[in-house]
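# Coordinate analysis (summary)
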Amino acid sequence: MSDIGLSRIEQQPTTLRDVVLERLRDAIIGGVFKPGDRLVERVLCEQLGVSRTVVRETLRYLDAEGLVTHVPNRGPMVAEMSWDDAQQIYDIRLKLETDAAMACARNMTPDLERRLKAALADLQSAGNDQAPGALFKAATRFYALIFEGARHNIAWEIVQRLNGRISRLRILTLTSDNRELPGPAHMLAICTAITNRDPDAALAAVTEHLHEAKLIARQLLLDDKAV
């Protein structure tokens, strides 16, 4: 396994596992580690300067997120994603995100509007920087606010379990040249509809965004067989 893409952690904070988790998740989502790559514990320990216990715990967490899979006699590997998997994720997102966007529009307040617009600005900035880790965090904050405004706490817990795989698909589709409307424009349309207190427009904006992303993902995943 290549040793590029991960920098050594010189100072070990109290939340060391969270730091390691963030580094490895960003590396997988950003494509430093490709689908099917073996994740050798010894190498990861040397790269990051942490114990094997921390690495194993992190890999178990990433396994639960669907980013890593443990293969008998081979050990942990970066999980591949088939079109069937992606299709299910988009179908789940469509149900949860449209419901949340409509409810958030109905529950809109001046404070929530300010926070959502600020989160959108952060998301657009992260997209311009082309940094997968920054985009992952900014998108998570943006959608977290929508679900918070909707008061759909249980639905957000479900989304969080899928967040790693959602982010892999998001990186795949947002950077595609095959979009009729750029990814940031979709996010702006969603935010505008919600902050305008228009549930029907929010439903339409989220549906259009996910429909286009799903079509792009289908084309890319079927061309590449897996991601």
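Residues numbered from 1 in each chain as written. Predicted model: local features only at pLDDT ≥ 70, side-chain atom pairs only at ≥ 80, totals over all residues. Heavy atoms only, no water.

### A few points about unusual backbone geometry
Operational definition: Labels follow the DSSP assignment, with helices taken as runs of H or I lasting at least four residues and strands as runs of E lasting at least two, numbered in each case from the N terminus. In this scheme, a residue with accessible area under 20% of its type's maximum is buried, one over 50% is exposed, and one in between is partly exposed, where area comes from a 1.4 Å probe on protein chains only.
Even without being glycine, Asn73 reaches a positive phi, approximately 70°. With respect to the secondary-structure elements, Asn73 resides in the loop between strand E1 (68-71) and strand E2 (75-78). By relative accessible area, Asn73 is classed as exposed at 86%. Non-glycine residue Arg151 carries a positive phi angle of around 65°. Turning to its location among the elements, Arg151 is positioned in the loop between helix H6 (132-150) and helix H7 (153-174).

### Re the pattern of salt bridges
The following threshold applies: Any Lys or Arg side-chain nitrogen located within 4 Å of an Asp or Glu carboxyl oxygen qualifies as a salt bridge.
Tallying each qualifying case throughout the model produces 16 salt bridges. Taking the shortest distance from any N to any O, the salt bridge between Lys137 and Asp26 comes out at 3.2 Å. Here Lys137 is found in helix H6, whereas its partner Asp26 is found in helix H1 (residues 16-29), with 111 residues between them in sequence. Residue class for Lys137 comes out partly exposed when judged on its relative accessible area of 27%. One salt bridge in this structure joins Arg56 and Glu41, with 2.8 Å as the shortest N-O distance. Taken as a pair, Arg56 in helix H3 (residues 52-65) and Glu41 in helix H2 (residues 41-48) lie far apart in primary sequence, 15 residues in all. Taken together, the shared-partner salt bridges in this structure form one network comprising Asp111, Arg114, Arg115 and Glu148.

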